[in-house]
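Working through the structure, step by step
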Amino acid sequence: MSKVHTINDMDMRTVKVLLTLMVIFAMNINAQNRQDSRVLVAYFSATGTTAKAAERLAHITGGALYEIRPETAYTSADLDWHDSSSRSSVEMKDPAARPAITGGRVDMALYDTVYIGYPIWWDAAPRVVNTFIESVSLEGKTVIPFATSGGSSINGSVSALRRSYPNIRWQDGRLLNGMSEKAIRAWVEKSADGK
């Protein structure tokens with residue numbers, strides 16, 4: 001005995017097929033946008049906080065993720081800002097300090113927009129970020145800083161970066177602590193428009 005299909009059964013199957021096709025289509029568009037993305041999200045993270053922000057930003061922008069890794073990782077003793085002889089304290093007191101970085105070189109020719117992320121140390125970007133900036137060509141790129149901080153704003157660090165590298169086309173930076181995905185998306189869109 002054959003099964004009798006009602007119009008509702010047929011309509012439901014048609015809806016399921018259409019929904020499946022729409023999902024596949026959306027996934028293909030998203031994958032194509034990621035392939036076409038000329039965005040790099042480079043970041044330094046000592047404790048993982050900035051890494052999480054960078055991952056969210058890379059997801060939202062479809063950009064490639066690149067970790068700025070110091071040749072010698074920072075220990076908790078190195079990060080003790082109460083200790084004036086800790087590694088981070090010594091580096092931040094010396095504007096010429098450039099801690100060595102490790103990892104593969106990034107082909108900057110692949111990118112038009114570069115987000116650079118870091119934790120705020122002493123109202124500035126950690127010196128390892130300067131090492132990265134000085135090791136790549138950012139000529140002709142739009143560079144957008146982002147940061148994480150327990151209490152400082154990003155303004156002092158962005159001003160210092162602009163003074164140190166006046167030939168870079170900087171956009172305004174943003175702290176990403178606790179920002180919702182919606183708020184990050186709005187900032188990314190505004191930054192892409194050059195605002």
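The residue numbers shown here count from 1 along each chain, following its written sequence. Residue-level local features of this predicted model are given only where pLDDT is at least 70; pairs of side-chain atoms are given and counted only at 80 or more, and the full residue set underlies all totals for whole chains, interfaces and linings. Just so you know, side-chain values use all the structure's heavy atoms and leave hydrogens and water out.

1. Quick word on the environment of Ala100
Going along the chain from the N terminus, every DSSP run of H or I of four or more residues is numbered as a helix, and every run of E of two or more is numbered as a strand. Position of Ala100 among the secondary structure elements: in the loop between helix H3 (87–93) and strand E4 (101–102). Per-residue accessibility, obtained with a 1.4 Å probe over protein chains only, is compared with the maximum for each type, and a residue is labelled buried under 20%, exposed over 50%, and partly exposed between these values. Taking the relative accessible area as the measure of exposure, Ala100 reaches 38% and is therefore partly exposed. Through-space distance from the C-alpha of Ala100 to that of Arg127 is 9.7 Å; in sequence the pair is 27 residues apart. Sequence-distant contacts of Ala100, that is, excluding residues within four places in its chain, are made with Arg69, Pro70 and Glu71. Contacts are assigned to residue pairs with any non-hydrogen atoms lying within 4.5 Å of each other.

2. Comments concerning the pattern of salt bridges
A side-chain nitrogen of Lys or Arg and a carboxyl oxygen of Asp or Glu constitute a salt bridge if their distance falls within 4 Å. With the rule as written, the count across this model stands at six salt bridges. We note a salt bridge from Asp78 to Arg87, for which the minimum N-O separation is 3.5 Å. With a closest N to O distance of 3.2 Å, Arg162 and Asp172 form a salt bridge. Within this pair, whereas Arg162 is found in helix H5 (residues 155–164), its partner Asp172 is found in the loop between strand E7 (169–170) and strand E8 (174–175), the two being separated by ten residues in sequence. Relative accessible area serves as the criterion here: at 44%, Asp172 is assigned to the partly exposed category. Each of the salt bridges in this network shares a partner with another, and the network as a whole consists of Asp78, Arg87 and Glu91.

3. Considering the environment of Arg127
Considering the arrangement of structural elements, one finds Arg127 in helix H4 (residues 127–135). In this structure the C-alpha to C-alpha distance between Arg127 and Ala96, which are 31 residues apart in sequence, comes to 8.3 Å. Setting aside anything within four residues of it in sequence, one finds Arg127 in contact with Glu91, Met92, Asp94, Pro95, Ala97, Arg98 and Pro99. Within the local environment of Arg127, its side chain forms a polar contact with the backbone oxygen of Asp94, the two atoms lying 3.2 Å apart. Each polar contact in these results corresponds to two N or O atoms within 3.5 Å; when the atoms are within protein, one needs to be able to donate a hydrogen and the other to accept it, and residues that are neighboring in sequence are counted only if both atoms are side-chain atoms.

4. Digging into the pairing of strand E6 (residues 142–148)
In terms of burial, E6 is a largely internal element, seven of the seven residues being buried. In E6, alternate side chains face the same way, and those of Thr142, Ile144, Phe146 and Thr148 on one face and Val143, Pro145 and Ala147 on the other are all buried. Running through H4, the crossover from strand E5 (residues 113–119) to the neighbouring parallel element E6 is right-handed. Two strands are said to pair when DSSP picks up at least two bridges between them. Pairing geometry for E6 and E8, over two bridges, is parallel. Note on E8: the bridge partner recorded for Ala147 is Leu175. Whether a crossover is right-handed comes down to one check: with the strands pointing away from the viewer, does the path from the first strand over the helix to the second run clockwise; if it does, it is right-handed.

5. A word on the nonpolar core
Taken as a class, soluble globular proteins show a tendency for nonpolar side chains to be buried jointly. Of all hydrophobic cores here, the largest spans 31 residues; its most connected members are Ile116, Tyr118, Phe132, Ile133 and Leu138. Sorting the residues of this core by element identifies strand E1 (39–43), E5, H4, E6 and H5 as the ones contributing at least two each. Ranked by residue count, the leading element in this core is H4, at four residues. Setting aside its immediate chain neighbours within four residues, Leu138 contacts Met108, Val114, Ile116, Ile133, Val143 and Ile168. For this analysis, a nonpolar core means a set of buried residues of the types Ala, Val, Leu, Ile, Met, Phe, Trp, Tyr and Cys, connected via side-chain atoms within 4.5 Å.

6. With respect to the pairing of strand E2 (residues 64–67)
Two strands pair when backbone bridges link them, and E1 and E2 are joined in this way by four bridges, in the parallel orientation. Within E2, the residue paired with Leu40 across the bridge is Ala64.

7. Here we look at the environment of Val90
With respect to the helices and strands, the residue Val90 is situated in helix H3. Here Val90 falls in the partly exposed class, since its relative accessible area comes to 46%. Residues Val90 and Asp78, spaced twelve residues apart in sequence, show a C-alpha to C-alpha distance of 9.4 Å. Apart from the residues lying within four places of it in its own chain, the contact partners of Val90 are Ser84 and Ser85.

This is a description of form; function is not addressed.
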